[in-house]
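Below are the chains, spelled out letter by letter.
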Amino acid sequence: MKLYEQVADELRQRIEQGYYRCGDRLPSIRALSREHGISIATVQEAYRLLEDEGLAQVRPKSGYYVRPRPATPQMPQVSRPTQRPLEVSQWEQVMELLCANELPGVLALGRGMPDISAPTLKPLHRALADGRGASPIRGFSYDSLRGSPELRLQVARLCIDSGCRLHPDDIVVTTGCQEALSTSMRAVTQPGDVVAVDSPSFYGSMQAIKAFGLKAMEIPTDPVTGISLEALELALEKWPIRVIQVTPTCNNPLGYTMPEENRRRLLSLAQRFDVAIIEDDIYGDLSYQFPRPRTIKSFDGDGRVLLCSSFSKTLAPGLRVGWVAPGRYGEQVLHMKYVGTAACASLPQLAVADFVAQGHYERHLRRMRAQYQHGRDQMIAWVERYFPAGTRISYPQGGFLLWVELPGDADSVRLNERLLDQGIRIGPGVLFSASGKYRNCMRLNYSEKPNERVESAIQRIGEECTRMLLDIEQVA
Ligand SMILES: Cc1ncc(COP(=O)(O)O)c(C=O)c1O
């Protein structure tokens, strides 16, 4: 890491840990240059980086300040899904999204892709290239069924940050979080069972529900506090629910982080009705809040929570390194993992373990959290500027995904078709419902550093949407 990046990193850390709050004056250039024994130009470079990330702003003749946060946008309403278990549809739309994202030259704003261009990932490139920690024999052999001990040790250490005390043997490495979710789902259900999910909900877990012959009971969800516990309790009383599947931290797609009190109450409900919880924590380490929120798993005394995650959003999805802490369902999960993939690829596991052990993961996270938080504020500002009046926008507490609720009868599936000619793709809301609801919603990705290409795309989406609403009005 270059010297100015180190100084920026230290300041970023102090801001994140609350030593400097929004609007506070940051140390002067001269003071930092003296403190670190470095040149004025190096400190200026560090401040330019923080400005770039949206963390600091300069006030002429006064110095650098922590950038104040803009006002919360007009949020989407609490969802009102169908009040009975449903078979999941939407596979065609999911497949279309996944395939369209691969088209060359398309700006894929609907995808769940992190920014993989950060220089803080360089040590991981090196570890992958020179196979650090792996002899050729090790890299070419079958990995153990649970996954590499080096990686499981590092994951167990990372889990301490979310309040979890896990032994490496409590962890099973998977091929991404999708496999963690699907093996968990299969391990705790029988065909015909009902799974309670937050709504809107990540399409990957819903497609697992479909594939295993299960039904989804979508529960109303608040864009600030998450799944409605009152509605969940009613559903648990009425339907034979076997498992609750939630993403309580930096939710995809709504972006909320469930308050700790609600997490405890959710766990109590699961205990009372004796059901399992599949907790998806894939965005947890990208929380803008410091320290990051505790997982539901961290309160789990009787092993009913299966905690699923991966390095796909924090590092890179191409690594395909994920994991599950299955609690009391360890044997069933291992069996399902064996049936599905038997063993995961060894080299990416060893490279990630090395990257985490050397302290590079923390440094990378600090940078990405700052970038994404700035990206959120910029994306919200663009949507507010270019989209039709009455648009509602989520206020993500971490990660890099925005949920937008369009006014009137706007239809995001048709909008997406119209946008394809212009080389833009969005994530239509229907993907996030078991039955094709949320047609008036879309998911947008803000992982890229704010730039003109993305701004112009947001403007064109807004214009197309306004045109669509006018067409609808004229026909009516
Ligand atoms: C909430 C959520 N869970 C799981 C996954 C799947 O993750 P992976 O790429 O690690 O399989 C994703 C990916 O988009 C996601 O958004």
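The structure reproduced in this document is the subject of the present report. A quick note: this is a predicted structure, and the numbers were derived from the prediction, not measured. (Residues numbered from 1 in each chain as written. Predicted model: local features only at pLDDT ≥ 70, side-chain atom pairs only at ≥ 80, totals over all residues. Heavy atoms only, no water.)

## Examining the sheet that holds strand S17 (residues 441-445)
Strand order in the open sheet made by the four strands is S13-S14-S17-S16, with antiparallel pairing throughout. The two strands at the open ends of the sheet, each matched to only one other strand, are strand S13 (392-393) and strand S16 (427-428). As paired elements, S13 and strand S14 (residues 401-405) share two bridges and run antiparallel to each other. Bridging across to S14, Ile 393 finds its partner in Val 404. Contacts between helix H14 (residues 360-386) and the sheet are confined to S13, S14 and S17, with S14 contributing the most and set at about 20° to the helix. (Pairing = 2+ DSSP bridges. Helix = DSSP H or I, 4+ residues; strand = E, 2+ residues; numbered from the N terminus. Contact = heavy atoms within 4.5 Å. Axes fitted to C-alpha atoms, helices over the stretch in contact; angles between N-to-C directions.)

## What to know about the pattern of salt bridges
Under the definition given, this model contains 28 salt bridges. A salt bridge links Arg 385 to Glu 455, with the shortest nitrogen-to-oxygen separation between them at 3.3 Å. Placement of Arg 385 in helix H14 and of Glu 455 in helix H16 (residues 452-475) is noted, with a sequence separation of 70 residues between them. Among the ionic pairs, Glu 464 bridges to Arg 467, the shortest N-O distance being 3.2 Å. A residue pair is termed a helical-turn pair when its members lie 3 or 4 positions apart in one helix, as Glu 464 and Arg 467 do in helix H16 at three residues. (Salt bridge = Lys/Arg side-chain N within 4 Å of Asp/Glu carboxyl O.)

## Describing the site of the ligand
Taken together, 13 residues are adjacent to the ligand, and Cys 177, Asn 252, Asp 280, Ser 312 and Lys 313 come closest. In the model, an oxygen atom of the ligand is placed 2.7 Å from a nitrogen or oxygen of the Cys 177 main chain. Contact between the ligand and Tyr 283: an oxygen atom at 3.1 Å from a side-chain N or O atom of the residue. The fraction of the free accessible surface of the ligand (390 Å²) that becomes covered by protein chains is 92%. The leading source of residues in the shell around the ligand is helix H8 (residues 176-188), at four residues. Taken together, the residues of the shell around the ligand sort by class into five nonpolar, five polar and three charged. (Near = heavy atom within 4 Å. Polar contact = N/O pair within 3.5 Å; in protein donor to acceptor, adjacent residues only side chain to side chain. Areas by Shrake-Rupley, 256 points an atom, 1.4 Å probe, with all protein chains shown as cover. Nonpolar A, V, L, I, M, F, W, Y, C, P; charged D, E, K, R; others polar.)

## What to know about the nonpolar core
Phe 311, Phe 387, Leu 444, Ile 458 and Ile 461 are the most contacted members of the largest nonpolar core, which totals 105 residues. Top contributing element to this core by residue count: H14, with nine residues. When residues of this core are sorted by domain, at least three fall in each of domain 2 (134-359) and domain 3 (362-475). For Ile 458, the residues in contact, after removing those within four places along its chain, are Leu 109, Met 379, Trp 382, Val 383, Tyr 386, Phe 387 and Leu 444. If you look at the next biggest cluster of nonpolar residues, it comprises 23 residues, including Met 217, Leu 229, Ala 231 and Val 275. (Core = buried A, V, L, I, M, F, W, Y, C linked by side-chain atoms within 4.5 Å. Buried < 20%, exposed > 50% of the residue type's maximum accessible area, 1.4 Å probe, protein only. Domains from an automatic or database assignment.)

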